[in-house]
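Structure assessment
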Amino acid sequence: MNTIISLTGINKLYRTKEIETLALENVNLSINEGEFVSVMGPSGCGKSTLLNIIGLLDRPTSGTVKIDGVEASAMSDRSLARFRNNELGFVFQNFHLINSLNVIDNVEIPLLYRNTPAKRRRELAMKVLERVGLAHRINHYPSQLSGGQCQRVAIARAIVGNPKIILADEPTGNLDSKMGAEIMEILHSLNTDDHRTIVMVTHNENQAKLTNRIIRFFDGRQVQ
Amino acid sequence: MITTKQLIRSALTQIKTAPLNTALYISGVALAVTTVMVLSIIYHVKLSPIYPENNRDRMAYLQQVRATKKDGSGMSQYYMSHTLVKNWLSDLKSADAVAVISDSDQPATIMIPGQEILYNAVTKFTNPDFFKVYDYEFIAGVPFSPDDIAAGRNVAVLNQNKADELFGNAEASIGREIEVNFKSTKVIGVVKPGSAISANSFGEAFLPYTAIPGYDKDGDVGPYIAVFLIKPGKTIDDLKAEISEHIRKSDSTIDVTHYIFNQPYTHYEQTFGSAYVDEDGNAKDAKTLGYYAIVALILLLVPAMNLSGLIIGGINRRSGEIAIRKSFGASRSGLLWQLMVENFILTLLGAIAGLFLSYVAVYFSRQWIFTISDSWVNAYDSVPELSPEMLLSPTLFAIVLIAALILNIASSLIPSWWTLRHPIVQSLNEKR
């Protein structure tokens with residue numbers, strides 16, 4: 001298996017005037033292509049920081065991040081944006097849909113920034129919405145959907161651009177168990193059917209056990 | 001790149017989500033644009049080709065003359081005497097026509113013989129070339145001729161409004177007798193009216209200046225000004241050189257030296273008056289235009305600074321959306337473009353409102369507003385007419401667009417850029 005995510009000597013230090021907080025300390029991590037990995041640990045242990053660094057949403061204080069063989073630390077802002085657009089899909093705990101856009105426009109967002117023609121955008125967005133079972137809700141707005149439906153829209157948005165890696169930050173954290181199970185089912189299908197690499201931060205031991213590997217964090221350090 | 005439809009929808013969403021902020025922003029833009037547009041309309045009306053002054057780019061003016069006795073015994077300053085007009089302005093090769101206008105263009109009384117009604121009219125005593133320099137459209141009849149001038153005939157060309165008032169219509173006026181200041185005068189032509197805003201060309205009754213008793217009573221100076229129509233291919237400097245030569249020759253035979261302050265002035269120089277010309281009559285064009293440009297810029301920048309506060313509030317509310325878009329591949333420059341264009345849509349709405357407000361402001365203040373900082377536009381008693389070409393000009397629309405662009409950039413560029421520098425993670429957490 002090829003290594004698709006490689007973190008070497010990652011430290012992340014948050015500084016304020018008064019205090020310094022070491023959120024990640026000397027993290028070395030490799031994730032293979034097609035793996036479904038869970039990241040677990042108590043609140044504040046650095047799980048989300050790790051996911052943000054893998055997702056190139058945040059830069060480490062020191063260390064090297066390689067995604068699909070490309071080292072991200074030297075990339076310009078514009079290159080990072082393009083790279084995220086092509087390689088990464090995000091699913092957030094709070095869905096982070098844009099409330100002023102309807103379902104299909106939300107899903108199309110990643111395609112807008114790679115200049116996909118309007119007709120093709122619509123086709124691709126419809127395809128992924130069918131897959132998550134929301135093809136009949138394309139003109140609804142996020143405020144008109146349930147939490148589970150919002151998260152399915154968020155997953156559709158994450159996969160519409162066909163990224164190799166999906167980063168999910170507590171994707172079921174705001175959902176009841178039934179809806180949570182539905183979301184997990186979709187994520188597993190993306191992993192097994194589409195061979196997408198998935199890194200999921202979760203507090204749910206049962207969900208984590210169903211993934212290929214569990215990485216545990218404590219106080220910014222990888223403990224397992 | 002985000003689509004135009006989405007940009008418009010997003011701008012409309014901003015209006016819906018923050019109606020008070022949007023209303024304040026649009027009103028602020030509208031007021032700022034109104035101020036600039038009122039100024040622009042005033043100078044558009046003064047500078048652009050507007051009926052009957054369609055040839056302003058070729059027009060030149062000679063007014064003030066200073067006469068100094070060669071023996072130093074005295075000095076006088078006014079306009080040209082009749083002798084000076086004849087000596088200086090005859091056979092000019094650089095001019096197609098020279099309108100000679102007497103300063104006696106004051107309100108006159110007009111009566112129709114046999115009737116007891118007294119009408120008022122703004123008269124203009126001039127020569128036939130007046131109708132060549134100014135592009136008056138004859139609705140009926142003809143202008144007065146060189147023969148009429150030579151004979152000092154009491155003939156008149158009326159403007160249509162006055163003809164309608166006196167005789168009902170233009171055709172019915174031709175050949176009719178009227179009494180101008182109790183002197184019998186025959187109506188020989190009727191022209192489409194100009195506007196009192198263009199004082200040099202405006203009149204309700206045009207008469208030969210030779211009809212004024214004592215029109216050729218001479219002194220070192222006199223009551224006549226001249227407006228030239230420069231020949232195509234000739235320049236203002238050619239005209240100046242030619243007139244200087246005529247003055248030199250004329251002065252060599254008399255005991256007076258005349259000084260004309262580096263005139264004739266172009267229409268531009270004439271419009272800006274003393275602000276545009278220094279004591280020796282030299283044009284200060286770049287400096288004066290720069291001064292007006294700075295005033296206009298300040299009129300836009302001051303409100304822009306205030307509007308920035310509203311923009312910051314609006315963009316801060318959207319920091320979560322911005323972070324989401326960045327997460328999924330939007331670049332900072334792409335988002336900056338999006339925010340600027342969205343804001344421009346709102347700015348444009350304000351600018352259009354400002355344009356209409358400026359029309360309303362100009363309309364209701366038209367009797368005095370065109371005399372601001374102007375040494376030669378007279379406020380006639382009659383209410384100046386505002387024609388469509390004065391208000392609906394591509395130049396004015398371009399100025400609105402430029403004003404909106406300046407306001408947009410000045411008010412939203414820095415707040416937008418500042419917000420876009422916000423780290424993605426921080427913005428996402430704030431949204432949470």
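Residues numbered from 1 in each chain as written. Chains lettered and ligands numbered in written order. Predicted model: local features only at pLDDT ≥ 70, side-chain atom pairs only at ≥ 80, totals over all residues. Heavy atoms only, no water.

With respect to the overall build of chain B
When helices and strands are counted, chain B shows 16 helices and 14 strands. What you see for chain B is a C-alpha radius of gyration of 29 Å, clearly larger than the 22 Å of a compact globule of 432 residues, by over 25%. With the C-alpha coordinates of chain B rotated into their principal frame, the extents come out at 90 × 55 × 35 Å. When each of the 432 residues of chain B is scored for burial, the buried share is 53%. Taking all contacts inside chain B whose residues are at least 6 apart in sequence as the whole, residues at least 24 apart take part in 76%. When the accessible surface of chain B is split by element, carbon and sulfur atoms take 60% of a total near 19,200 Å². Each charge sign in chain B was given a centre, from 36 positive and 40 negative side chains, and these centres are 14 Å apart. (Helix = DSSP H or I, 4+ residues; strand = E, 2+ residues; numbered from the N terminus. Rg over C-alpha atoms; globule rule 2.2 N^0.38 Å. Buried < 20%, exposed > 50% of the residue type's maximum accessible area, 1.4 Å probe, protein only. Contact = heavy atoms within 4.5 Å. Areas by Shrake-Rupley, 256 points an atom, 1.4 Å probe, with all protein chains shown as cover. Lys, Arg positive; Asp, Glu negative; His and termini not counted. Charge placed at Lys NZ, Arg CZ, Asp CG, Glu CD.)

Here we look at the pairing of strand E6 (residues 88-91) of chain A
Residues and elements named next belong to chain A. The side-chain alternation of E6 yields two buried faces, one formed by Leu88 and Phe90 and the other by Gly89 and Val91. In this sheet, strand E7 (residues 165-169) lies alongside E6 in parallel orientation, the contact comprising four bridges. Opposite Leu88, over in E7, you have Ile165 as the bridge partner. (Pairing = 2+ DSSP bridges.)

Section: empty space enclosed by the protein
According to the stated counting rule, one finds six cavities of 30 Å³ or more in the structure shown. As for the largest cavity, its lining consists of 18 residues, of which B:Gln14, B:Ile311, B:Gly314, B:Asn343 and B:Leu346 are closest to the centre. Counting only elements with at least two residues in the lining of the largest cavity, the list comes to helix H1 (4-17), helix H2 (19-47), helix H10 (285-317), helix H12 (332-364) and helix H15 (394-420) of chain B. Among the elements that make up the lining of the largest cavity, the one with the highest residue count is H10(B) (five residues). Of the residues that constitute the lining of the largest cavity, the class distribution is eight nonpolar, seven polar and three charged. Put simply, the second largest cavity is a space of about 70 Å³. Taken together, A:Ile53, A:Leu56, A:Leu57, A:Asp58, A:Arg59, A:Pro60, A:Val65, A:Ala72, A:Ser73 and A:Leu80 form the lining of the second largest cavity. Of the residues that constitute the lining of the second largest cavity, the class distribution is seven nonpolar, one polar and two charged. (1 Å grid on protein atoms, 1.4 Å probe; cavity = no way out; pocket = protein on both sides within 12 Å on 5 of 7 lines; lining within 4 Å. Points joined across faces, edges and corners; volume = space filled by probe spheres on them. Nonpolar A, V, L, I, M, F, W, Y, C, P; charged D, E, K, R; others polar.)

Let's talk about the packing of helix H3 (residues 103-112) of chain A against helix H5 (residues 147-159) of chain A
All names here are of chain A. Taken N-terminus to C-terminus, the directions of H3 and H5 make an angle of 30 degrees; their axes are 7 Å apart at the nearest point. One way to sum up the angle between H3 and H5 is to call them roughly parallel. Taken as a pair, H3 and H5 cross one another with a handedness that is right-handed. Each of Val103, Asn106, Val107 and Pro110 in H3 lies in contact with H5, whose residues at this interface are Val153, Ala156 and Arg157. For the contact of H3 with H5, the residue count by class is five nonpolar, one polar and one charged. (Axes fitted to C-alpha atoms, helices over the stretch in contact; angles between N-to-C directions. Parallel < 35°, antiparallel > 145°, perpendicular 65-115°, else oblique. Left-handed = near helix turned anticlockwise from the far one by under 90°.)

Examining the interface of chain B and chain A
Each side of the interface is counted separately: chain B has 24 residues, and chain A has 28 residues. Carbon and sulfur atoms supply 54% of the area that chain B and chain A bury against each other, a total of about 2,400 Å² over both sides. If you look at where chain B meets chain A, you find one salt bridge. A:Asp77 is the salt-bridge partner of B:Arg332, the closest N and O atoms lying 3.4 Å from each other. Our count for the chain B to chain A interface comes out at five residue pairs in polar contact (both at pLDDT 80 or more). Only H1, helix H11 (319-327), H12 and helix H16 (424-431) of chain B provide two or more residues apiece to the side of chain B that touches chain A. Broken down by class, the residue content of the side of chain B that touches chain A amounts to nine nonpolar, eight polar and seven charged. (Buried area = accessible area lost by both parts, 1.4 Å probe. Salt bridge = Lys/Arg side-chain N within 4 Å of Asp/Glu carboxyl O. Polar contact = N/O pair within 3.5 Å; in protein donor to acceptor, adjacent residues only side chain to side chain.)

As for unusual backbone geometry
All names here are of chain B. At the junction of Tyr51 and Pro52, the peptide bond is cis and its omega measures out at 0 degrees in the coordinates. Its location among the elements puts Pro52 in the loop between H2 and strand E1 (59-62). Cis geometry is found at the peptide bond from Gln263 to Pro264, where omega equals 0 degrees. Topologically, Pro264 is positioned in the loop between strand E13 (256-259) and strand E14 (265-266). A positive phi is found at Asp91, a non-glycine position, where the angle reads about 55 degrees. Structurally, Asp91 can be placed in the loop between helix H3 (82-89) and strand E4 (95-102). Of the residues examined, Asp91 reaches a relative accessible area of 67% and is grouped as exposed.

Here's the deal with the pairing of strand E4 (residues 62-67) of chain A
All names here are of chain A. The sheet contact formed by strand E1 (residues 3-15) and E4 spans five bridges and is antiparallel. Bridged to Ser6 within E4 is Lys66. In terms of strand pairing, E4 meets strand E5 (residues 70-71) through two bridges, oriented antiparallel. By the bridge assignment for E5, Ile67 is matched with Val70. Between E4 and E5, which follow one another and run antiparallel, lie two residues, and Asp68 among them has a positive phi close to 50 degrees.

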